[in-house]
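Commentary on secondary and tertiary structure
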Amino acid sequence: MTLMFALQSDRVALRFGDRTLTHTELAACAGTLAQQLSGLPRVAIWATPAIETCVAVVAALLAGVPAVPLNPKVGERELAHIVSDSAPALVLAAPGTRLPTGLDSVPRRDVTLDGGDFGPFADPGDEAPALIVYTSGTTGAPKGVVLPRRAIVSTLDAVAEAWEWTSEDVLVHALPLFHVHGLILGVLGPLRRGGTVHHLGKFSTDAVTQALNDGTMMFGVPTMYHRIAEEVGEDVKLADALSGARLLVSGSAALPVRDHERIAAATGQRVVERYGMTETLMNTSVRADGDRRPGAVGVPLPGVEVRLVDDAGLALDDVGAIGEIQVRGPNLFTEYLNRPDATAEAFADGWFRTGDVGTRDEDGYFRIVGRKATDIIKSGGYKIGAGEIENALLEHPGVKEVAVTGEPDDDLGERIVAWVVPAGAEPSSGELADHVARLLTPHKRPRVVRFVESLPRNDMGKVMKRALRA
Ligand code: MCA
Ligand code: AMP
């Protein structure tokens, strides 16, 4: 299994605004940087939506050095945790970007686009850790998901087969580069195919309209497709651009049937849904030549086994039965960094327990109908643990008690709601949102704050979130 992410070809590999690199140019500058990284135990990458982030990731992969992509909006508490947990030897950043003081202890290396002599590099092997991506859980701080080269390569080849993805494809995307969706699928996907990624820097329907002039595919989270669905009925140029695309793919959260149908009605294009997770990369997808059924996430990808189990752990084979989705295959992560306890808990007889609840149609299509953990919120396609926000809010002097829940939101899928018992004078909602943005990251900030006199608790003293929501 070779790790082909830097090829020799004059085709544009990366386009960010008016900056581009061909595959040959990328191989040269990533190869040169890789030479300097060789032998390091681990590096962090300040993952701004920039060409340098992609060069840094490819360099780390070539050098066989595990890389930790960092959210460039990360708050101080979350950054401190990731730095101490992953102990990077260096942080790679685009020249001129300002790094937060939380990274002062980590030496910085600017990523330049100079090419020189490099390689060859030793193959570290399929099981060598390639990327460590931090993801939220129900409690505690985010965990580092260790992704081996084998998982990345196998998931990219599986989706390429399902989506008939070739070097001719130009992928339009506007996702952040510190998560699996934007980085592995959105950047490493086109690079492995020998095709092109066109990153928009920031999502807008206007930018999508422009880019789809010569783009063939688009990847987005449901919030993006919702914003498209809101406008596409009135915006002929947007509708034309989407009609001309070969494949529009949605993932990271459920695409509402209404948005799927509105886009189909205005463009004749049905969005293809796929289902993945940081720990498992891609599990199922609607195939390019398959039935693009609204509300369904398609069939298991080549090489991936998916099963449904009941609460006792018994496999459910009946059509329509509802159970937890468990996954097995070469797409799986190796472990949570420094968390053998959490790693062991995540598996049942070699199957990864996703915590998602699903069902299977007669012809093998899966549908996701819920989630076992009630303390996980998916907002804008980001996974967020209620506990981490509660802990952050409890550090604010104006908060005596707090519970965080998610509630349905047309735009974000779910919005974060904080139920706060104030300590003395009520703090403002904006102040609490800023506090969470500063400590954790802006996308974890509560969108709604509801002040209450007390929280409903059961006999054990545990907050009854269901009662709150009701
Ligand atoms: C807002 N901002 C703030 C504050 N409030 N900054 C500091 N303090 C505050 N109090 C800033 C934000 O940082 C942002 O800055 C801007 O204001 C708007 O923020 P926000 O309202 O949160 O975002 P949005 O514009 O509504 O973004 C919607 C979005 C975004 C573009 C859809 O949610 C997004 O990119 N989602 C993608 C998530 C994703 O990639 N998930 C994949 C996980 P600025 O304007 O500078 O940005 S991987 C996964 O799930 C698996 C593997 C899978 O299956 O894919
Ligand atoms: P993350 O931990 O950020 O990787 O998020 C993974 C989770 O996103 C999964 O466990 C699902 O709950 C959710 N998810 C991803 N893709 C889909 C989809 N197409 N439909 C519904 N939920 C999805």
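Per chain, residue numbering runs from 1 following the sequence as it is written. Whichever chain is written first is A, and whichever ligand is written first is 1; the rest continue in order. pLDDT decides what is reported in this predicted model: residues at 70 or higher carry local features, side-chain atom pairs at 80 or more are listed and counted, and totals for whole chains, interfaces and linings draw on all residues regardless. Note: side-chain values were computed over all heavy atoms of the structure, leaving out hydrogens and water.

**Focus on the overall build of the chain**
Operational definition: For helices the rule is a DSSP run of H or I covering at least 4 residues; for strands it is a run of E covering at least 2, with both sets numbered from the N terminus onward. We compute the radius of gyration over the C-alpha atoms and compare it with the globule rule, which gives 2.2 Å times the number of residues raised to the power 0.38. Think of it in three bands: residues with accessible area under 20% of the maximum for their type are buried, residues over 50% are exposed, and the middle band is partly exposed, with areas taken using a 1.4 Å probe on protein chains only. It only takes one pair of heavy atoms within 4.5 Å for two residues to be counted as in contact. In short, Shrake-Rupley with a 1.4 Å probe defines the accessible areas, and a residue's cover is counted only from the protein chains shown. Note that His is not counted, nor are the chain ends; the positive residues are Lys and Arg, and the negative ones are Asp and Glu. To locate a charge, the coordinates of NZ of Lys, CZ of Arg, CG of Asp or CD of Glu are taken.
Along its length, the chain carries 13 helices and 26 strands. Computed over C-alpha atoms, the radius of gyration of the chain comes to 22 Å, within 12% of the 23 Å expected from 2.2 N^0.38 for 470 residues, which places it in the range of a compact globule. Along the three orthogonal principal directions, the C-alpha set of the chain runs to about 65 × 55 × 50 Å. Split into buried and exposed, the 470 residues of the chain put 56% on the buried side. When contacts within the chain are restricted to residue pairs at least 6 apart in sequence, those whose partners lie at least 24 apart make up 66%. Counting only carbon and sulfur atoms, one obtains 50% of the accessible surface of the chain, whose full area is about 18900 Å². Taking the 47 positively charged and 61 negatively charged side chains of the chain as two groups, their mean positions are separated by 2 Å.

**Some thoughts on the UniProt feature "domain: AMP-binding enzyme C-terminal" (unreviewed entry) in the chain**
Put simply, the rule is: UniProt positions are given in the numbering used here, feature names are shortened, and annotations may be inferred rather than shown by experiment.
Summarizing the sequence annotation, UniProt attributes the feature "domain: AMP-binding enzyme C-terminal" (unreviewed entry) to residues 388–462 in the numbering used throughout. Between the end C-alpha atoms of residues 388–462 there is a gap of 16 Å, over a span that is 24% helix and 33% strand.

**Considerations on the pairing of strand S1 (residues 12–16)**
Here is the rule: When DSSP finds at least two bridges between two strands, those strands are taken to pair.
Relative to strand S2 (residues 19–22), S1 is paired through four bridges, and the arrangement is antiparallel. Bridge assignment links Val 12 to a residue of S2, and that residue is Thr 22. Between S1 and S2, which pair antiparallel and follow one another directly, the connecting turn spans two residues, one of which, Gly 17, has a positive phi of 60°. As paired elements, S1 and strand S10 (residues 196–199) share three bridges and run parallel to each other.

**A word on the side chain of His 173**
Note the cut-off: Any pair of nitrogen or oxygen atoms within 3.5 Å is treated as a polar contact; in protein, a donor-acceptor pairing is required on top of that, and neighbouring residues in sequence qualify only through side-chain atoms on both sides.
In this structure, His 173 sits in strand S9 (residues 170–173). Judged by relative accessible area, His 173 falls into the buried class, the value being 1%. Polar side-chain contacts of His 173 include one of 3.2 Å to the backbone oxygen of Gly 182. Those residues in contact with His 173 that lie beyond four places of it in its chain are Gly 182, Gly 186, Val 187, Val 197, His 198, His 199, Leu 200 and Phe 219.

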